[in-house]
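# Working through the structure, step by step
In case you want the letters, here they are:
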Amino acid sequence: MTSRYRVEYALKTHRRDQFIEWIKGLLAVPFVLHSQPNAALTHVRTDDTVLNARRRYAEIMRDVEQLVNDHIEHQRLGIPERSKLKLLVPSLSIFFTPLLLEEAFMAQDTKRAISSRRFVSPSFNDIRLILNTAQIMSLVKGGPLQLVTFDGDVTLYDDGASLIPSNQVISRILALMSRGIRVGVVTAAGYEEAKRYNDRLHGLLEAISSSESITAEQKKNFVVLGGEANFMFQFNLDAPHLLERVPRDTWALDEMKKWKDEDITELLDIAEATLNDSVKTMRLKADIIRKSRAVGIVPKPGTKFFREQLEETVLAAQKVLELSDVGRRLPFCAFNGGNDVFVDIGDKRIGVACCQRLFGDIQGINTLHVGDQFLSVSGNDFKTRMVCTTCWVASPAETVDILDEFLELASIA
Ligand code: IMP
Ligand code: MG
């Protein structure tokens, strides 16, 4: 039984995506009007409810698709805040491409039988997956896709795990690279040595190394950007761990060159103090980890944090840093990593933009970021929406599905 507390907690704004919730609300009306939960209980004939529900859902998705196009037109005119969609969903950010929502709905309906359901209305996950498919379809039709960046934990491998040789995503990433598409892993995991990334990604690195389907030149199109936007490594067959550190001035953005060491120290000091405060007030069994570009708390061995404790810690750190002078000068990212909380210098908006710069100023319309953390507060993939198209996954298996959709559609395009 779900407690009232849990239900109300799930309604908190930091745990919701306004665009998805708004679409869910629109689809709830045809669900109420056309689904027939009593069909199994009576012999009274009803109309073909599945067809009706499907037609109405598809119409709504087409209407939303047109509102997105209208918003894109307002973006082009430099007045996005005046579009109808922005008035309806104030938290909306940039759309880099149109979204083929009607076609994507039909594709996901075939897989998920959304319009055949009589008791369960179109859900958050249904809509998240429709949006992902619509984004992939648009990138195949438009794009062209030149760069894909992936988050690490939960997107490429399970939380805290490594990318081992049997991971299904490897063959898909090789297929992208053989098409000349650049690939980046943009992860919060912040290590200064190539070896640590090799430990986490060895299955993929070894597969790239031995692959005969991608050229030596294409192999260099793989990079890892760790600590959100702090340490960049590029694939190199001759490097000790198949990764070589890239000189900062070839990829760092101009805005990053203004970062001062004193500011970095000051921001991390404030972050560490708020984390300590949360540990004390909630009596967390935690260890503090301080690095050159990050500070975080991890549970002591054998313990786990509650989700509410993780979010309380993130929200407290976020608020204190936002209100500090240094937090206004220096970009940072406070996020809940599932069983830890980190505050990093920089964020993934910058991380993806650095990859775009390294590969010759690739544009947002030609870039896709795949990640699992897209909640506005406490998610570290959220900010990539400012620089590229995105797909929001809930597991490494969904990442594989998305890449399969892309490769299949691209092969017949
Ligand atoms: P991501 O999902 O690939 O962005 O990785 C996030 C996870 O990396 C966090 O939840 C932490 O467990 C781990 N991690 C290791 N070092 C760092 C760091 O310096 N900053 C943030 N996260 C880190
Ligand atoms: Mg992740």
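Residues numbered from 1 in each chain as written. Chains lettered and ligands numbered in written order. Predicted model: local features only at pLDDT ≥ 70, side-chain atom pairs only at ≥ 80, totals over all residues. Heavy atoms only, no water.

### Side note on the packing of aromatic side chains
Where two aromatic rings form a pair, the distance of their centres and the angle of their planes describe that pair. This structure, assessed with the given rule, holds 7 aromatic pairs. Members of the aromatic cluster, connected to one another through ring pairs, are F19, W22 and F95. (Phe/Tyr/Trp six-rings, centres within 6.5 Å; stacked < 30°, edge-to-face > 60°.)

### Description of the sheet that holds strand β3 (residues 222–226)
The mixed open sheet is built from 7 strands, whose spatial order is β5-β4-β3-β2-β1-β10-β11. Across the chains shown, the open sheet's two edge strands, defined by having one partner strand only, are β5 (243–245) and β11 (389–392). The mean angle between the axes of side-by-side strands here comes to 25°, regardless of whether they run parallel or antiparallel. The pairing of β3 with strand β4 (residues 231–235) spans 4 bridges and is antiparallel. From the neighbouring strand, L225 faces β4, where its bridge partner is M232. (Pairing = 2+ DSSP bridges. Helix = DSSP H or I, 4+ residues; strand = E, 2+ residues; numbered from the N terminus. Axes fitted to C-alpha atoms, helices over the stretch in contact; angles between N-to-C directions.)

### Section: the environment of K304
Relative to the assigned elements, K304 resides in the loop between β7 (294–299) and α12 (307–322). Judged by relative accessible area, which is 62%, K304 ranks as exposed. Each C-alpha atom, one on K304 and one on G338, is 9.8 Å from the other, the two residues being 34 residues apart in sequence. In this view, K304 contacts P299 and N339; residues no more than four positions away in its chain are not counted. (Buried < 20%, exposed > 50% of the residue type's maximum accessible area, 1.4 Å probe, protein only. Contact = heavy atoms within 4.5 Å.)

### Side note on helix α6 (residues 124–141)
In a regular helix each residue adds 1.5 Å, so 18 residues correspond to 26 Å; α6 covers 26 Å between its end C-alpha atoms and thus fits that length. Of all the 18 residues making up α6, 15 are buried; the element is thus mostly covered by neighbouring parts of the structure. Of the residues trailing α6, G143 is marked for its positive phi of about 55°. (Expected span 1.5 Å × (residues − 1).)

### Considering a nonpolar patch on the surface
On the surface, V29, V32 and L33 cluster together into a nonpolar patch covering about 310 Å² of accessible area. Counting through the fold element by element, V32 comes out in helix α2 (residues 18–34). By relative accessible area, V32 is classed as exposed at 62%. (Patch = residues over 30% accessible without salt bridge, like charges linked within 9 Å, V, L, I, M, F, W, Y side chains within 5 Å. Areas by Shrake-Rupley, 256 points an atom, 1.4 Å probe, with all protein chains shown as cover. Salt bridge = Lys/Arg side-chain N within 4 Å of Asp/Glu carboxyl O.)

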